[in-house]
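# Per-entry structural report
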Amino acid sequence: MLFHVRMDVQIPADMPADVANEIKAREKAYSQNLQRSGKWPHIWRIVGEYANYSIFDVASNAELHEILTGLPLFPYMKISVTPLCRHPSSIRDDES
Ligand SMILES: O=C(O)C[C@H]1C=CC(=O)O1
């Protein structure tokens with residue numbers, strides 16, 4: 001199942017830089033593991049914003065929920081999820 005996810009990050013201004021940097025390092029490792037596994041095939045920075053657009057390819061809503069709530073930055077994110085399915089006009093044969 002494919003999902004388009006927008007993540008907006010809002011780290012509190014009073015969070016010490018070393019704490020923020022440690023969370024960001026864990027976030028990067030968590031994200032890159034999921035990218036290597038194929039469950040997080042795309043991540044793009046939204047120009048000019050501390051936000052990203054991502055595509056997730058997971059087995060269920062529950063798996064996506066588990067992944068998103070496990071993000072080290074989850075407490076500091078606003079997340080919106082859009083489920084995707086194949087478009088009838090798509091010419092690609094590698095989409096389900
Ligand atoms: O920087 C971001 O967009 C937030 C977050 C999502 C993955 C990651 O490594 O950082």
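This text goes with the structure placed above it.
In this report, we go over the structure that sits alongside the text. Computed from a predicted structure; not experimentally measured.

## Details of the pattern of salt bridges
Counted by the stated rule, this structure contains 4 salt bridges. In this structure, the salt-bridge partner of glutamate 22 is arginine 26, at a minimum N-O distance of 2.6 Å. Residue glutamate 22 and its partner arginine 26 are both found in helix 1 (residues 17-37); the two are separated by 4 residues, about one turn of the helix. Residues joined by salt bridges that share partners form a network here, namely Arg6, Asp8 and Glu49.

## What to know about helix 1
The periodicity of an α-helix, 3.6 residues per turn, causes residues three or four places apart in sequence to face the same way. Given a rise of 1.5 Å per residue, 21 residues ought to cover 30 Å, and the 30 Å separating the end C-alpha atoms of helix 1 matches this to within 8%. Restricting attention to buried positions, one finds in helix 1 the residues Ala20, Ile23, Glu27, Ser31 and Leu34. Along the long axis of helix 1, the arc covered by the buried residues comes to 70°, so they all point the same way. The outward face of helix 1, more than 90 degrees from its buried face, is lined by the exposed residues Asp18, Lys28 and Arg36. Of the surrounding secondary structure, the elements contacted by the buried residues of helix 1 are strand 2 (42-45), helix 2 (61-69) and strand 4 (77-84).

## Re the layout of surface pockets
Counted as a void, the largest pocket has a volume near 240 Å³. What lines the largest pocket is a set of 15 residues, among which Glu27, Ile43, Arg45, Asn52 and Leu73 lie closest to the centre. Counting residues per element, the ones that place at least two in the lining of the largest pocket are strand 1 (2-9), helix 1 and strand 2. When residues of the lining of the largest pocket are assigned to their parent elements, the largest contribution, 6 residues, is made by helix 1. A class-by-class count of the residues in the lining of the largest pocket yields 7 nonpolar, 4 polar and 4 charged.

What counts, and at which threshold
- Residues numbered from 1 in each chain as written.
- Predicted model: local features only at pLDDT ≥ 70, side-chain atom pairs only at ≥ 80, totals over all residues.
- Heavy atoms only, no water.
- Salt bridge = Lys/Arg side-chain N within 4 Å of Asp/Glu carboxyl O.
- Helix = DSSP H or I, 4+ residues; strand = E, 2+ residues; numbered from the N terminus.
- Expected span 1.5 Å × (residues − 1).
- Buried < 20%, exposed > 50% of the residue type's maximum accessible area, 1.4 Å probe, protein only.
- Arc of directions from axis to C-beta.
- Contact = heavy atoms within 4.5 Å.
- 1 Å grid on protein atoms, 1.4 Å probe; cavity = no way out; pocket = protein on both sides within 12 Å on 5 of 7 lines; lining within 4 Å.
- Points joined across faces, edges and corners; volume = space filled by probe spheres on them.
- Nonpolar A, V, L, I, M, F, W, Y, C, P; charged D, E, K, R; others polar.

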